[in-house]
Amino acid sequence: MAARAFADRHRYWLLILPALAAMLIFYVWPLIQIFAISFTEPTTGFGNYVELLSSRAIRTSFVITFRVAALTTVGCLLLGYVVAYAIYNTRARYVGLMLMLVLLPFWLSVLVRSFAWIVLLGRGGVVNDALIGLGLIDRPLALMHNEFGVLIAMVHVMLPYAVLPLMANMKGIDPSYVAAARGLGASELTAFRQVYLPQTLPGIFSAALLVFVISLGFYITPALLGGGRVLMISEYITYQIQEFLKWGLGTALSVALLVATAAVILAAARFVNLRKTLLERG
Amino acid sequence: MTAPSSPSVLSIRKAVKRYGTVQALGGIELDIGEGEFLTLLGPSGSGKTTLLTAIAGFTGLDEGRLVLRGKDITDLPPDRRDFGMVFQGYALFPTMNVRNNIAFPLKVRKWKPADIQARVEECLALVQMEGFADRMPSQLSGGQQQRVALARALSFRPSVLLLDEPLSALDKKLRADLQWELKDLHRKLGVTFIYVTHDQDEALSMSDRIVILKDGLVQQIGEPGALYNAPRTTFVADFLGKSNFLDVEVEGFAGGRARCRAGGESFEVATEAPPAGGRGRVALRPERIRLAPPKGAAFEGAIRQTSYLGERCHVILDHPGFGQILVSCPTWKSGVVPEDGLPVSFDWDADACVFLEDA
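This one's a predicted model, so the numbers in the text were calculated from it and none came from an experiment. (Residues numbered from 1 in each chain as written. Chains lettered and ligands numbered in written order. Predicted model: local features only at pLDDT ≥ 70, side-chain atom pairs only at ≥ 80, totals over all residues. Heavy atoms only, no water.)

Draft legend 1. Seen up close, the pairing of strand β12 (residues 257-262) of chain B. Residues and elements named next belong to chain B. Residues A258, C260 and A262 of β12 are buried on one face, while the alternating residues R257, R259 and R261, pointing to the opposite face, are not. Pairing analysis gives 5 bridges linking strand β11 (residues 244-254) to β12, with the strands arranged antiparallel. Its bridge partner lying in β12, V250 is registered against C260. Counting the residues between successive antiparallel strands, the hairpin from β11 to β12 contains 2 residues, one of them, G255, with a positive phi of roughly 55°. Pairing of β12 with strand β13 (residues 265-270), which is carried by 6 bridges, proceeds in the antiparallel orientation. Note on β13: the bridge partner recorded for R257 is A270. Where β12 hands over to β13, the hairpin turn is made up of 2 residues, of which G263 adopts a positive phi near 55°. (Buried < 20%, exposed > 50% of the residue type's maximum accessible area, 1.4 Å probe, protein only. Helix = DSSP H or I, 4+ residues; strand = E, 2+ residues; numbered from the N terminus. Pairing = 2+ DSSP bridges.)

So, in C-alpha cells, the structure goes:
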C-alpha cells in the first residue's frame, strides 16, 4: 500500500526524468560552462565584460542586431497581418491552399532559402539582370551584402512566425463583430480600426515577440546576405571563437545576448500574458 | 388584414435572392408600417434571416428593390442605411466596455462628447443597466448582454430596428421577461421593429403583424389573432400553434354554415363560402374541442394517451372515423379525468373549424 502511494507520487517524475536529464546534461551544463568561461578566459575576472562594454565594434554589432531584429519584426507584422487576414477573409475553398503556402517555407532549410535570395539579389542576380535588361538601371544595385539584403531575407524567413500566431488569433474572431459595426454605421475602415484591429492585438504582440526574439539570435541568413558587412551579434560571436579563438570574449557576448533576450521577454511580459501567448497558441 | 395600419416606412418590392440553385427569397412583397412591430416567422431555411440581412444590407438582392420612406436604399452599404440592428449572438465588441459599446454608433456619427455621454446614460436607463457602464461584455450575463445590445442598437434613434432572433440564446424564463420588456420598449419609443424568430409563441405575444415565410415565399401576413384563428394553409395552421386536420365533403350550405361529412360523422362548419367542388380540408384547434360535453355529445372516442403540462392537459383521442385527434383542455376544469383507454365523448362548435385553401 505504501509502496503503491510512493509509486504514484513519483511516477510522473520518472516519466520526465529522461528529458530532464538530457536538458541538464546538454543544455544547462554547457550554459553554466559558457558562463564560467566568460569569467575565466583568458584571465580570471571581469576583463571580457569590460572589453564588451568599451569596444566600439561590439556596441555597433549590438545596435545592428537590435535594429535588424526590430525592422524584421515590423516587416513581418505588416506582411504577416495581411496574409493572415486574407486567409480568414477569402473564400473557404482557398484557405487550405493558402495555409500550405505559409507552411511550405517551414519545411525548407533556412540555408536553402537564404541562398535563394543570394541568387535573386546578387550583382549578377535575377533582379539586377532584369532591371538592367529593362533598361531601368545601368549598373547593378547593391541589393545584398548590406542591411537591406539581410532585412529582405530575414523578413522572408521569419514571416511564418508572424503569420501563425496572427492566424490563430484571427481564427477566434467572429465575423459578426465587423458586421455589427457596419450595421451600426461604421465605414469599412472604421469597423476594421476600431473593432477588428483591437481584437487582434494579442496576436500582434505574440507575433512580434516571437519574431523579435528569434531574430536577435539569428545567424545563417545575416551571415550569408550580410557578407561579413552586417555583423549581427551571433556572427560576431562565431568570429571570436572560430577565427580568433577568443573563447572568453565569445562566451561573454553569448551571456550578454542571453541577458538581452531575457530582458526583452521580461519587458514583454508586462504587456502580454506570456503563458497564453506562447503556450496556448493554435 | 395584410396591409399595415400606418403609412409604410419600408417597402420590399419583389425581393429575390438565390444561392446557387436554391431560391432563398422568391420575390417577397412587403410593406412595413411606421412604428409597427413586424415579425418574420418561419422554420429554418424559410428565408427569414436572409430577408433581414438583405434589409440590413449584408446580403445583396439578385432582384427587387428596397424603399425606405420613398428613397431607394437597395444599393446602399449597411452603414449608410441607418437601421439599428441586434444580432443573434449580441456581437458586443469584446474590447470595449458597456459605455463604449453603446457610444460606438454615436462616435462613428461624430456626435459631440457631451451629447454622447448624455445619450449613453439615457440608453442605460432605458434598459435598466445604469450601474454597468464600466463593465466589459464578458462580465455580463446573457440577459444583460442582450439589454446592452438593445441599448447600442437604439442609441442613435434609428427609425427601424432589426432584431435577429435576439432572445434565442436565453433560457425560457428570461426570454419571457425580455419579451415584455421588448414590447414595452417598442411602445415607449415608437420605433419600427422588424423581428426575426422561429419561435411562434414569441411571434404571437409581441407582434402587431406576423409574416409567415416558407421556402422564401410569404405564406400569410396578418395580426397574431387573425393568423391563429383563420390560417389559410395547412402549413400556417400547423406552424402557428397546433391543429387537427380533417378532409371533408360538403353536403350543403345554408345560413353561413356548411354541412360537412368526414370519417362517417356529420358536423357543421361556419364559413362565408364553402370551397367549390364540394371537398375541402378544415383545421381544428385542439383547445376548441370539448371533452365529455354535458349535453348531447356528438362523437364517441377513446383516450389513447395523455400528457400533463400543468396549466393544460394534452389528450390524444382515437376515433374510428377521424383517426387521431389532439385535444388540449385546461386541467382545472375538464369534464373528465383523462386516463389512458377511457371511452370519452367530445364535440366542438361550428365556428371551431376553418376551411383551408390548399386542401
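After that view, the rundown keeps rolling.
Draft legend 2. Highlighting the interface of chain A and chain B. Each partner contributes residues to the interface: chain A has 16 residues there, and chain B has 20 residues. Carbon and sulfur atoms supply 71% of the area buried between chain A and chain B, which totals about 1,500 Å² over both sides. Inspection of the region where chain A meets chain B yields 1 salt bridge. Of the charged contacts, one joins D79 of chain B and R182 of chain A as a salt bridge, the two residues approaching to 2.4 Å between their closest N and O atoms. Between chain A and chain B we count 2 residue pairs in polar contact (both at pLDDT 80 or more) in total. Sorting the residues of the side of chain A that touches chain B by element identifies α8 (176-183) and α9 (188-199) of chain A as the ones contributing at least two each. Looking at which element gives the most residues to the side of chain A that touches chain B, the answer is α8 of chain A, with 7 residues. Its residues assigned to classes, the side of chain A that touches chain B shows 8 nonpolar, 7 polar and 1 charged. (Contact = heavy atoms within 4.5 Å. Buried area = accessible area lost by both parts, 1.4 Å probe. Salt bridge = Lys/Arg side-chain N within 4 Å of Asp/Glu carboxyl O. Polar contact = N/O pair within 3.5 Å; in protein donor to acceptor, adjacent residues only side chain to side chain. Nonpolar A, V, L, I, M, F, W, Y, C, P; charged D, E, K, R; others polar.)

Draft legend 3. Quick peek at the domain arrangement of chain B. All names here are of chain B. The domain boundaries assigned to chain B delineate domain 1 (8-232) and domain 2 (242-356). In this structure, domain 1 and domain 2 have C-alpha centres spaced 39 Å apart. Facing the 6 residues of domain 1 at the interface are 5 residues of domain 2. For the pair domain 1 and domain 2, the summed buried area comes to about 470 Å², and 46% of that belongs to carbon and sulfur atoms. Among the residues of domain 1 in contact with domain 2, Y228, P231 and R232 are the three that bury the most area, contributing 81% of the side total. Counting across the domain 1 and domain 2 interface gives 0 salt bridges. Linking domain 1 to domain 2 there are 2 residue pairs in polar contact (both at pLDDT 80 or more). Residue composition of the side of domain 1 that touches domain 2, by class: 4 nonpolar, 1 polar and 1 charged. (Domains from an automatic or database assignment.)

Draft legend 4. Inspection of the environment of L106 of chain B at higher detail. Residues and elements named next belong to chain B. Tracing the backbone through its elements, the reader meets L106 in helix α2 (residues 98-108). Its relative accessible area of 0% is what places L106 among the buried residues. Along the chain, L106 and T331 lie 225 residues apart, while their C-alpha atoms are 52 Å from each other. Apart from residues no more than four positions distant in its own chain, L106 is found in contact with W111, I116, R119, V120, S155 and F156.

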